[in-house]
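Structural overview
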Amino acid sequence: MPKRLIVTIAAAAALTASSVMRAQNQPWNNSGLAQSPNQPQSGPAGPAPRRDLTGIWDAGGAGIGARGATPAPLTPWGEALGKTHKSGDGARMAPIAEINDPLSTMGDPEGFPRNLLFELRPFQIVQTPNQVLILYMFEKRWRVVWTDGRQLPKDPDPRWYGYSIGKWEDDTTFVVQSNGTDERTWLDNAGNPHSNEMRVEERYHRVNQNTLELTVTIDDPKAYTKPWVARNKLALRLMPPDTDLMEMIPSASEAAEYKKVFAK
Amino acid sequence: MKNRFFGVFLVAVVLLVVAAPVIAHHGAASFDTTKEYVLKGTVTEWIWANPHCFLKFDAKDDTGSVRNWAVEVSNPTDMSKRGWARTSFKAGDEVTVTLQPVKGGAPVGRLRNVVLPNGSTLGTGGPAPAGAAAPGAPAPAAK
């Protein structure tokens, strides 16, 4: 390899590495891990604490999910609804001018569980005696998971972020059940549909001090022919407790400004 | 032998960095992925916003007419990880932009990399498209 090329590549790599490190180490506006959380650890991780998920967690680039999930086959109802969705990416990808994603074109809430399947940026978990609170960087929204023993509502009014209850299956596995979602939201960035009869299970398994695994299962017999796993042991890394996260809010006015210029 | 190993390592580092996903909210359906233009121009505006940051700049096409281009990158969160910032550009900066245009011929596209006035380059990642134009080739006039 010519020496000059090596020097050029070295300079580019050093510049990129230093800017990435700067972005991730600054005290304000941390943008999260660059890619996969499976990066070398500084030392061996300690054991998982008992019944404790508190902390700031990040899946890096693996959380983005730009192309959407790979679902089970759709029912005729699901197929018909899915055909009305013109997504930015994935199987229903359309040119920018034709995209009708309610999140990116109208500023609707991302909704649950799309917030686990698309733009799952860093999030913080806070535990109180009767709740687990999940604070998401993307959209700057939060969810309340009730741990006080209540049951899910029987005939819920649909909500953008549904209704959630959780319990510890063992000392390192917290399982969340949700229902009552609003079927105007998409399931992911590929425009996969869901009904408001959907049930969602999230399993948070704390593997050790630094690592959390998330598995999400969709059970929506109105839209899909069988239950399916939308996130399978997605690895999340614990971030330093003093991490200040960037704002990442998909505002309606910014989306309109973008579309005015790029929907050509 | 040692130097050769070092060179291979650096190439691997660069490839890992440029292979990062570029666009989170939409794919390539609007863009002509067979074309790439390299345009010298003057920055008119730098929008640091969701869902995509975009750079607007004036550049001459191959007839000598000046057109105002708008080229997008990913969002502020992802661009921060690549060393970009709200302060990366100011109006009047002379830049060289490598871009992939939209299919319809409008002066709109997605940015692949940009050379700043101080000679450094900001990149977005992603592989070069097949049939990319030679560096310096002017963009065709608007149809």
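Residues numbered from 1 in each chain as written. Chains lettered and ligands numbered in written order. Predicted model: local features only at pLDDT ≥ 70, side-chain atom pairs only at ≥ 80, totals over all residues.

Looking only at helices and strands, chain B features two helices and six strands. Mapped in sequence order, the helices and strands of chain B form the string α-β-β-β-α-β-β-β. When the 143 residues of chain B are sorted by exposure, 40% land in the buried category. Across chain B, the fraction of contacts at a sequence separation of at least 24, relative to all contacts at a separation of at least 6, is 63%. (Helix = DSSP H or I, 4+ residues; strand = E, 2+ residues; numbered from the N terminus. Buried ≥ 20, exposed ≤ 12 C-beta atoms within 10 Å, placed from the backbone. Contact = placed C-beta atoms within 7 Å.)

Attention now moves to the overall build of chain A. Helix and strand counts for chain A come out as five helices and nine strands. The buried share among the 264 residues of chain A stands at 41%. In chain A, the share of contacts with a sequence separation of at least 24, taken over all contacts with a separation of at least 6, comes to 60%.

What follows covers helix H5 (residues 252–262) of chain A. All names here are of chain A. Along H5, the residues that are buried comprise Ala255, Tyr258 and Phe262. Buried residues of H5, viewed axially, fall in a sector of 65 degrees; they line one side. Seen from the buried face of H5, the exposed residues on the opposite side, beyond 90 degrees, are Ala252, Ser253, Ala256 and Lys260. (Arc of directions from axis to C-beta.)

Once that is clear, we can look at the domain arrangement of chain A. Buried accessible area, meaning the area lost when the parts come together, often serves as the stated size of an interface. On domain assignment, one finds that chain A holds domain 1 (1–30) and domain 2 (55–262). Tallied by class, residues from the side of domain 1 of chain A that touches domain 2 of chain A come to two nonpolar, two polar and no charged. (Domains from an automatic or database assignment. Nonpolar A, V, L, I, M, F, W, Y, C, P; charged D, E, K, R; others polar.)

With that settled, the discussion passes to the nonpolar core. Counting 35 residues, the largest nonpolar core has Trp57(A), Leu117(A) and Met137(A) as its most contacted members. Elements that contribute at least two residues to this core include exactly strand S1 (55–58), helix H4 (114–117), strand S3 (131–136), strand S6 (173–179), strand S7 (199–206), strand S8 (211–219) and strand S9 (228–239) of chain A. A per-element tally of this core places S9(A) first, with four residues. Those residues in contact with Trp57(A) that lie beyond four places of it in its chain are Pro122(A), Phe123(A), Ile125(A), Leu212(A), Leu236(A), Arg237(A) and Leu238(A). Counting 29 residues, the second-largest nonpolar core is a separate cluster that includes Tyr258(A), Phe31(B), Tyr37(B) and Leu122(B). (Core = buried A, V, L, I, M, F, W, Y, C linked by C-beta atoms within 7 Å.)

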